[in-house]
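Each chain is listed here by its residues.
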Amino acid sequence: MEGQIGYFRRNHFTPVPEVESLAELNELVDQWDLRDGRRRIGSRPRTIDEYFQVERPLLMPLPEEPFETGRLFTPRVDRYSQIAVRTNRYSVPVRLIGKRVRVVLHASHLVVYDRNVEVARHERLIAKGGCRLDLDHYLEALIRKPGAFPGATALEQARSAGKFTPVHDAWWAAAVKAHGDTAGTRALIEVLLLARHVSHEHLVAGLAMALRAGALTADAVALEARKVAQAEDEPAGHPSQAGAGGAATVTFLHEWRLAHLPPDTRPLPSVTHYDQLLRRRRASGGEHREGEAQ
């Protein structure tokens, strides 16, 4: 066993592989492991995988309940909506400010729970004194104070991670030009809140289509993102996909809702009873004036 670990290290980790993240390195290790399973040790007649299939029935079964290997912490959320774990800081939703949460720290990531509900998940920071912020955790606070959005550290990290794309920036600039700094930024934050219910790819596509059509409201972006999602679910050649490569068409959300309401079969309202009241009032008014003249 130890000899094969040394073989694996000498053949796959020398020189040290260059990767972007620990997750990428783990994927490479899985590929190398599968490749080594087809290898023969020395002059043995069978491969490693073939010997393992013979040995598998003799091994003890794995436990039915998974064993938690993470380390547990219970930090309190500070006024910046962050928690301190070891020597680094991580963001959580702003609604948890002042509360104590439960954190399970693993080798490559950490998970934050409010009671038994998962509220945040971050890739673990390896260096000391780092800070990892999720822009989504601050949206409820930023929509009340949109002036703090352009300089937010969470926005910078979202750009670096590719979650806040050039399409977001272009739509934001157009919204600010059309509605002003405050209203335009608030409209962008409303769009970002849609990401909790719409996939990132569909939302970016909806932003691009709404930008081409000059539709600078969150409702328009939501509708365009929904169209993209429906187009992916429908089979090729469906009539609704005709003209998909042409100019973007935008229908506002309230118009879409009205178009999908069931037909109204109720009779039109009548004001006949009110007309009778008006005639009575006129008649009583005339009699009152005749009495005054006498």
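Residues numbered from 1 in each chain as written. Predicted model: local features only at pLDDT ≥ 70, side-chain atom pairs only at ≥ 80, totals over all residues. Heavy atoms only, no water.

Further remarks concern the confidence of the model for the chain. A residue-level look at the chain finds 86% of positions with pLDDT of 70 or above and a mean pLDDT of 86. By mean pLDDT, helix α11 (residues 272-293) is the weakest element of the chain at 64, and strand β3 (residues 88-91) is the strongest at 97. (pLDDT = per-residue confidence, 0-100. Helix = DSSP H or I, 4+ residues; strand = E, 2+ residues; numbered from the N terminus.)

On to the pairing of strand β5 (residues 109-114), then. By the bridge criterion, four bridges tie strand β4 (residues 102-105) to β5 in an arrangement that is antiparallel. What sits directly across from Arg-102, in β5, is Tyr-113. Connecting the antiparallel pair β4 and β5 is a turn made up of three residues. Pairing analysis gives six bridges linking β5 to strand β6 (residues 117-123), with the strands arranged antiparallel. Within the sheet, the bridge partner assigned to Asp-114 lies in β6 and is Val-117. Hairpin remark: β5 followed by β6, antiparallel, with two residues in the connecting loop; positive phi at Arg-115, about 60°. (Pairing = 2+ DSSP bridges.)

Pairing is mixed across the open sheet formed by three strands, whose spatial order is β2-β3-β7. In this open sheet, the two edge strands, each paired with only one partner strand, are β2 (82-85) and β7 (131-132).

Let us now look at the packing of helix α1 (residues 2-12) against helix α2 (residues 22-37). The geometry of α1 relative to α2 is characterised by a closest axis approach of 12 Å and an angle of 120° between their N-to-C directions. Taken together, the axis directions place α1 and α2 in an arrangement best described as oblique. For the pair α1 and α2, the crossing hand works out as right-handed. On α2, the residues touching Tyr-7, Phe-8 and His-12 of α1 are Val-29, Trp-32, Asp-33 and Asp-36. (Axes fitted to C-alpha atoms, helices over the stretch in contact; angles between N-to-C directions. Parallel < 35°, antiparallel > 145°, perpendicular 65-115°, else oblique. Left-handed = near helix turned anticlockwise from the far one by under 90°. Contact = heavy atoms within 4.5 Å.)

Taken together, the buried positions of α1 are occupied by Gly-6, Phe-8 and His-12. Looking down the long axis of α1, one finds its buried residues gathered within 160° of arc, a one-sided arrangement. Opposite the packed face of α1, turned more than 90 degrees from it, sit the exposed residues Glu-2 and Gly-3. The elements touched by buried residues of α1 are α2. (Buried < 20%, exposed > 50% of the residue type's maximum accessible area, 1.4 Å probe, protein only. Arc of directions from axis to C-beta.)

The next subject is the packing of aromatic side chains. One pair of aromatic rings is described through two measures. These are the centre distance and the angle between the planes. If you walk through the whole model with that rule in mind, you get six aromatic pairs. Consider the rings of Phe-13 and Trp-32, whose centres lie 5.7 Å apart with planes at 80°: the pair is edge-to-face. Placement of the pair is Phe-13 in the loop between α1 and α2 and Trp-32 in helix α2, with a sequence separation of 19 residues. Look at Trp-32 and you get buried, because its relative accessible area is 11%. Ring geometry for Phe-164 versus Trp-172: centroids 6.2 Å apart, planes at 85°, classification edge-to-face. For Phe-164, a relative accessible area of 5% translates into the label buried. One aromatic cluster is present, built from ring pairs that chain together Phe-8, Phe-13 and Trp-32. Above the ring of Tyr-51, the side-chain terminus of Arg-46 is found at 6.0 Å from the ring centroid. Arg-102 extends its terminal NZ or CZ atom over the ring of Tyr-113, reaching a point 4.7 Å from the ring centre. (Phe/Tyr/Trp six-rings, centres within 6.5 Å; stacked < 30°, edge-to-face > 60°. Lys NZ or Arg CZ within 6 Å of the ring centre and 35° of its normal.)

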